[in-house]
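# Structural description and commentary
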Amino acid sequence: MAIADTSAGRRSADPDVGASGAMRSAANEGDASAWAALASAEPAVFARGWLAITARSFPAVVQGMLFVARPGQAEMEALASWTVAGRPLDLARLKSGGSEALAAAGDERSSALADFDGSTFAAQPVVVDGAVAAMALLEARLDGPVAGRRLARHLQWSAAWIEAHLRRGAVRDGDQSVEVAALVVEAIEVVAAGETFADAARALAGLVSNRFSSGRVAIGLRDGLSSRIVAFSQSADFEARSEVSRAFAAAMDEAIDQETALAAPAELAGGGLVAHAQIALRRELHVDHVLTLPIFTPQGAFGALVLARSGEPFVQADVDLLDAVVAAVGATLAARREAEAGLRAFVGRRARRLLGDLLGPRLLIGKQAVLAALAALAAAALIPDVHRVPAPSR
């Protein structure tokens, strides 16, 4: 399906207004309004929020656009656009780069990535019931093929939100893909509704606890080489320094380090995987089953989600469903956390990272440079914290 040229014919001369006159730029969407927009039933509002969050949460994205298919129309219609502050939308360039990517993929239903005119372009079709229902395009200035693959994966994960939104009101009993979409939408809504990152994490833990009949659910953040719990479905029972807390954190570390979901008993674990911490957590909680899923963002390991319950064992369908949820909301949780972090929190994380490098085995050269950087960070920590970080750290 072709992409409409929004700059021609009867369409508005305003580059942020498409054929229907409904499209508006997402560039001016604030963080709070963008997250709130994800819960909107109005397609144009949702599109602006989704595009703003997706573009801002990946370094080096300079512009993007979301197109949607309309019944009876051969061309897709632009629904929302986004550019970095002060940069006008270059629709012709975006379409040319997207066309290059789709041509390289050879299939309009497949994710596509291509280098064109000094930038990397990612195109992600959204297929609903066998047909391309929407298309997302991003342009980014990247420094290598590894970053390009991360961009493609980020866009692919984020596109699950679009599919979920398009499927709203069209749920059919027994359709697993719709079940995934419905849960992803619900997860997005609870994360978007939280006033703070902590509220959003607790709400997500509560949703997962109810949906999967798990008496205990914990969400943790990767902090250096270990994890710490930030949300618990039963907060009254949670103690930050308890043995239970340490057992949860160890299970999270085990799954993050192996970059895969782990379970105890280990029926769902593949050969060669280590699940000692999952077994230990199961014993500590006196439950029948434990399941841990790592949460990754384009910037790397973010944290993990742990579920514990007795009775029915976890099955592969549960893993697939939860994997879709954490893939959809991981980047948003990370963005909210960074947006709320002040200078001192930022300095602390960077200092711990540098200290780990300084004491690590690969610091035979450059200790003086690292020490100088630590001294600069320590000095910065003394500056009054009067500003908040307005966007994800780049």
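Right, let's walk through the structure included here. Only a predicted model underlies this, so the values are computations on that prediction, with no experimental measurement involved.

### Some remarks on the overall build of the chain
Regarding its fold elements, the chain presents eleven helices and twelve strands. Residue burial in the chain is summarised as follows: out of 394 residues, 48% are buried. Carbon together with sulfur atoms contributes 54% to the accessible area of the chain, which is approximately 18300 Å² in total.

### Overview of unusual backbone geometry
Here the residue pair alanine 264 and proline 265 is connected by a cis peptide bond, since its omega of -5° sits within 30 degrees of zero. Structurally, the position occupied by proline 265 is in the loop between β10 (262-264) and α8 (276-285). Backbone geometry places aspartate 117, a non-glycine residue, at a positive phi of 50°. With respect to the helices, strands and loops of the structure, aspartate 117 is situated in the loop between β5 (112-116) and β6 (119-128).

### Some details on the nonpolar core
Trp50, Leu204, Leu305, Leu307 and Val329 are the most contacted members of the largest nonpolar core, which totals 68 residues. Of all the elements, helix α9 (residues 316-340) adds the most residues to this core, at ten residues. Filtering out sequence-adjacent residues up to four positions away, leucine 305 remains in contact with Val208, Val217, Ala218, Ile219, Leu291, Thr292, Leu293, Ile295, Leu322 and Val326. Of all hydrophobic cores here, the second largest spans 17 residues; its members include Phe232, Ala251, Leu285 and Phe296.

### Quick notes on helix α6 (residues 197-211)
With 15 residues, α6 extends 21 Å from end C-alpha to end C-alpha; this agrees with the ideal 21 Å at 1.5 Å per step. Within the span of α6, buried status applies to Phe197, Ala200, Ala201, Leu204, Ala205, Leu207, Val208 and Ser209.

### What to know about the sheet that holds strand β12 (residues 300-309)
Read from one edge of the open sheet, five strands run β9-β8-β12-β11-β10, paired in antiparallel fashion. Since the sheet does not close on itself, it has two edges, and those belong to β9 (226-232) and β10, each with one partner. The average angle at which neighbouring strand axes cross in this sheet is 25°, direction not considered. Pairing analysis gives three bridges linking β10 to strand β11 (residues 289-297), with the strands arranged antiparallel. Considered in β11, the bridge of leucine 262 is made with threonine 292.

### A look at the pairing of strand β4 (residues 75-83)
On a regular strand, each side chain points to the face opposite its neighbour's, so the side chains alternate between the two faces of the sheet. Most of β4 sits out of view: eight of its nine residues are buried. In the sheet, strand β3 (residues 61-68) pairs with β4 via six bridges, with the strands oriented antiparallel. Opposite phenylalanine 67, over in β4, you have alanine 78 as the bridge partner. The hairpin formed by β3 and β4 contains six residues between the paired strands, and glycine 72 there has a positive phi angle of roughly 80°.

Criteria and thresholds
- Residues numbered from 1 in each chain as written.
- Predicted model: local features only at pLDDT ≥ 70, side-chain atom pairs only at ≥ 80, totals over all residues.
- Heavy atoms only, no water.
- Helix = DSSP H or I, 4+ residues; strand = E, 2+ residues; numbered from the N terminus.
- Buried < 20%, exposed > 50% of the residue type's maximum accessible area, 1.4 Å probe, protein only.
- Areas by Shrake-Rupley, 256 points an atom, 1.4 Å probe, with all protein chains shown as cover.
- Core = buried A, V, L, I, M, F, W, Y, C linked by side-chain atoms within 4.5 Å.
- Contact = heavy atoms within 4.5 Å.
- Expected span 1.5 Å × (residues − 1).
- Pairing = 2+ DSSP bridges.
- Axes fitted to C-alpha atoms, helices over the stretch in contact; angles between N-to-C directions.

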